[in-house]
Structures are given as structure tokens and as C-alpha cells.
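Each chain is listed here by its residues.
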Amino acid sequence: MGVTIHDVAKAAGVSVASASRALSGRRKVTADVAERVSRAAAELGYQPNAVAKALRDQTTGTIGMIVPGIGNPFFTTMVEAVERRLQETGRDLLLCSSQYDPLIEARRLETLLSRRVDGLIISPCDIEASAPAVLSAAGRVPLVQLDRYIEAGGTDWVGLDDNAALAQAVEHVAAGGARTVVFAGSRLVNSSARLRLSGFQLATERAGLEARTPLLGEFTHEWGMQAGRLLLGDGPLPDAVICGNDEIAIGLIRALRLGGIRVPHEVMVVGMDDVGHAAMCDPPLTTVAQPVDEMAAEAVRLLEQVRLGRTRAIQRIAIAPRLVVRETSRQRTEGE
Ligand code: RIB
């Protein structure tokens, strides 16, 4: 058996109750007691018993988070933003990846619930298949959906205003002289994929641009390369390609350049997310930035409200994007 609080109290020459108050920091002790207990705990190598603390406090001080894939820089950026916000409220993050698989996602939810997390933040990987497990978990602990959501809704959600994001991207290439555009995005299995395609269709209609058949695959470089090769083999190129995320845009630009196409002179390309390597791309990528820090702050705020039992209507908060113009698009010059 390791060092106990009784050992620490004996070594410090104080009662177990005083040692417990000094170590938990929950209630005041004199500076002398605090110093003696702190020194004894350090010298003995005392490790607080997290399980005992959880039973006593009815809280583990941890929040579970599940994202579709931690290999994607958007999700890692979002996780870091959430963790920073949780630290401000004295909570720790337990992170899982669903690996884009609803069955794995359901298992990870059960794992986190078995660890008695105080709440859950999830970006569901599948708009339909994720629903049963997400709604079941939401019935057991406070849960907020962040970034993606299930079609059934059912809980608070915070994410990007996708319609505004696609409107910014389409209006930008239209201002650069584009008349024919293509959307290269993800298959419609998640809310981000669906909202971006519909946002693109709405924006191109409003701008009077010719939208060609969308190219739908995955939010990956590989799919971007494949989409680029499809464009190269499919007759005249569009004036611009709007991509569902930066990974697709970077892969697509590489394929176009391997095919001898100059970006933006022959085809403009715009991405989405502005995390990771968009600015390091060659040429640097024009993209629509996601307000990840603001999204994370709202998600943690909403989760805390639910955890404190504040009854209110379900909140759905879509946060405004920000166009970041770099070098894969252009502005129409006078007289062009
Ligand atoms: O890059 C992954 C994409 O899917 C991001 O745009 C994010 O919104 C996620 O849903």
C-alpha cells in the first residue's frame, strides 16, 4: 500500500483532518500547517487517491472529448483549444478518437462514461449512425456537440457558420473573375460535409456562377489529389475550386501543378479551416478560418451551464468565419 494521508499527517505532526484540508486546498489552514503538510507529502512522495476523491466529491474533475480523427490538424487544434478552456475551470480532459467509425465512437463514449467524466464534448463522426450513442450518453451526463452534430440534434451545439463560410469563399472567387466553379468536399456522412455543399450551392446560385458537378470524397490530401486528377481529365478546367477543407485544397493544388496547371493564374483554389499548414502551402493557401478558440470557449461555457443544472432551451450557436486571402486566389484587375 502506498503512502497514505495518515502517514503524511503523522510526519507533519497534525491531525488527518488538517492534513486533508491542507492537501485539498478546499478549506483554510494556517501557513505553518500548510507548509509542514506540503513538506511531509513531498518527502514521502504522497499521491492523492483520485478514486477516493471522486467518491467524496461526486466529481472526477474530468471532461471526456471525442473527435473523429486526431491526425487531422483541425481536430488537434480544436482539442487544444478546449483543453486550455477546461484548465481555466480546473478540469482535465480525457481524449478519444472515433477513427471516423460510429461503432468505435460508441465504445469510446462508454469508456469515458465508465471513467465517471463530469461531462462530454463530441464532434460526432456520422450525422445519422452516431445518434443513438450520442443521445444515450446525453441522457447520462451533460453533453455538448462541437463542430459536427447529429441530425437528431438533441443537445447544445457550437460550430462554424458554414453558410457564411461558403458565401465568403464564393463571393471572393467571383470578385476575382470566376464564372465556373467546382466544390471538392467530403461524402455527405457528416454535418460539415452536408452544410458546406448546400452552402456552396446557395452561394453560387446567388452569385450567378456556373456550378459544375461536385467532387465528394474524404477530408484528406489523398482525396484532394484524386479530385485534382479528375478535373485534369474532365475537359476545360473551372475558373475556381472551393474545397471543403485545407487538406483537400493542398492535395488538389499538388495534382493541378503536377498536371502543369498554374494556381491561381489558370485556376483559383480556396480551402477551409486555416489550421496547420495552410500558410505554409506553396503557394500559400487562401482559406476560410474557423473561430476554433471561440467555439471551444462557447462549448465549455454551455457544458458548465448544463452541469450546474441550469434548465434552458437547447442552444445552437453558429460562429462567424473569417476569409484569409493569400496566394491561391486573386482579385480581378481593372479592365480584366
Ligand atoms: O478538416 C476536417 C473538417 O471536418 C473541418 O473543416 C471540421 O469542420 C470537421 O468537421
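This structure is a prediction, so every number in the text was calculated from the model and none was measured. (Residues numbered from 1 in each chain as written. Predicted model: local features only at pLDDT ≥ 70, side-chain atom pairs only at ≥ 80, totals over all residues. Heavy atoms only, no water.)

Enquirer: Explain helix α7 (residues 131–138) to me, using residue names and the numbers behind them.
Expert: Within α7, burial applies to Ala131, Ala133, Val134 and Ala137. Looking at the buried side of α7, the elements it contacts are α6 (102–114), β3 (119–122) and β4 (143–146). (Buried < 20%, exposed > 50% of the residue type's maximum accessible area, 1.4 Å probe, protein only. Helix = DSSP H or I, 4+ residues; strand = E, 2+ residues; numbered from the N terminus. Contact = heavy atoms within 4.5 Å.)

Enquirer: Any details on the environment of Gly228? Residues and values, ideally.
Expert: Inspection of the secondary structure puts Gly228 in helix α10 (residues 221–232). Sequence separation between Gly228 and Leu258 is 30 residues; the distance between their C-alpha atoms is 9.6 Å. Beyond its immediate stretch of four places on either side in the chain, Gly228 contacts Leu252, Ala255 and Leu256.

Enquirer: Could you give me a rundown of the pairing of strand β1 (residues 62–67), with the residues and numbers involved?
Expert: Burial of β1 is extensive: six of the six residues sit out of reach of the surface. Alternating positions in β1 separate into two faces, Thr62, Gly64 and Ile66 on one and Ile63, Met65 and Val67 on the other, with burial throughout. For the crossover that starts at β1, traverses helix α5 (residues 73–88) and ends in the parallel strand β2 (residues 92–97), the hand is right-handed. Note that β1 and β3 share four bridges and pair parallel. Along β3, the bridge assignment pairs Met65 with Ile121. (Right-handed = clockwise from strand over helix to strand, strands pointing away. Pairing = 2+ DSSP bridges.)

Enquirer: Hey, could you go over the site of the ligand for me, with residue numbers and the actual values?
Expert: In the vicinity of the ligand, the residues found are Asn72, Phe74, Phe75, Asp147, Arg148, Ser192, Arg196, Phe219, Asn245, Asp273 and Gln290. A distance of 2.7 Å is found between an oxygen atom of the ligand and a side-chain nitrogen or oxygen belonging to Arg148. Under a 2 Å grid-point criterion requiring more than half of the atoms, the pocket assigned to the ligand is the largest cavity. Among the secondary structure elements, those contributing two or more residues to the shell around the ligand are α5 and α9 (191–207). Taken together, the residues of the shell around the ligand sort by class into three nonpolar, four polar and four charged. Two domains each donate at least three residues to the shell around the ligand, and these are domain 2 (62–160 + 292–320) and domain 3 (162–290). (Near = heavy atom within 4 Å. Polar contact = N/O pair within 3.5 Å; in protein donor to acceptor, adjacent residues only side chain to side chain. 1 Å grid on protein atoms, 1.4 Å probe; cavity = no way out; pocket = protein on both sides within 12 Å on 5 of 7 lines; lining within 4 Å. Sits in = over half its atoms within 2 Å of the grid points. Nonpolar A, V, L, I, M, F, W, Y, C, P; charged D, E, K, R; others polar. Domains from an automatic or database assignment.)

Enquirer: Quick one: what's the story with α9, residue by residue and with numbers?
Expert: Taking 1.5 Å of rise per residue, 17 residues should cover 24 Å, and α9 covers 24 Å from first to last C-alpha, within 8% of that figure. Buried-residue contacts for α9 involve β5 (156–160), α8 (162–175), β6 (180–186), β7 (210–211), β8 (215–217) and β9 (240–243). For α9, the N-terminal capping position is held by Asn190, with its side-chain oxygen 3.2 Å away from the main-chain nitrogen of Ser192. Downstream of α9 by one or two residues, Gly208 has phi in the positive range, about 70 degrees. (Expected span 1.5 Å × (residues − 1).)

Enquirer: Which residues make up the packing of aromatic side chains, and what values do they have?
Expert: Applying the stated criterion to the full structure yields three aromatic pairs. Ring centres of Phe74 and Phe75 lie 5.4 Å apart, and the angle between their planes is 80 degrees; this geometry places the pair in the edge-to-face category. For the pair Phe74 and Phe75, one class covers both residues: buried. Considering the side-chain rings of Tyr149 and Trp157, the 5.2 Å spacing of their centres and the 80 degrees angle between planes classify their relative orientation as edge-to-face. Exposure remark for Tyr149: the relative accessible area of 15% places this residue in the buried category. (Phe/Tyr/Trp six-rings, centres within 6.5 Å; stacked < 30°, edge-to-face > 60°.)

Enquirer: Give me the environment of Val288: which residues, what numbers.
Expert: Its place among the elements puts Val288 in strand β11 (residues 287–289). Residues Val288 and Asp274, 14 residues apart in the sequence, show an inter-C-alpha distance of 6.3 Å. Those residues in contact with Val288, other than ones at most four positions away along the chain, are Ala165, Gln168, Ala169, Gly271, Met272, Asp273, Asp274, Pro321, Arg322 and Leu323.

Enquirer: Give me the domain arrangement of the protein: which residues, what numbers.
Expert: Assigned domains within the protein: domain 1 (5–48), domain 2 (62–160 + 292–320) and domain 3 (162–290). Computed over C-alpha atoms only, the centres of domain 1 and domain 2 are separated by 37 Å.

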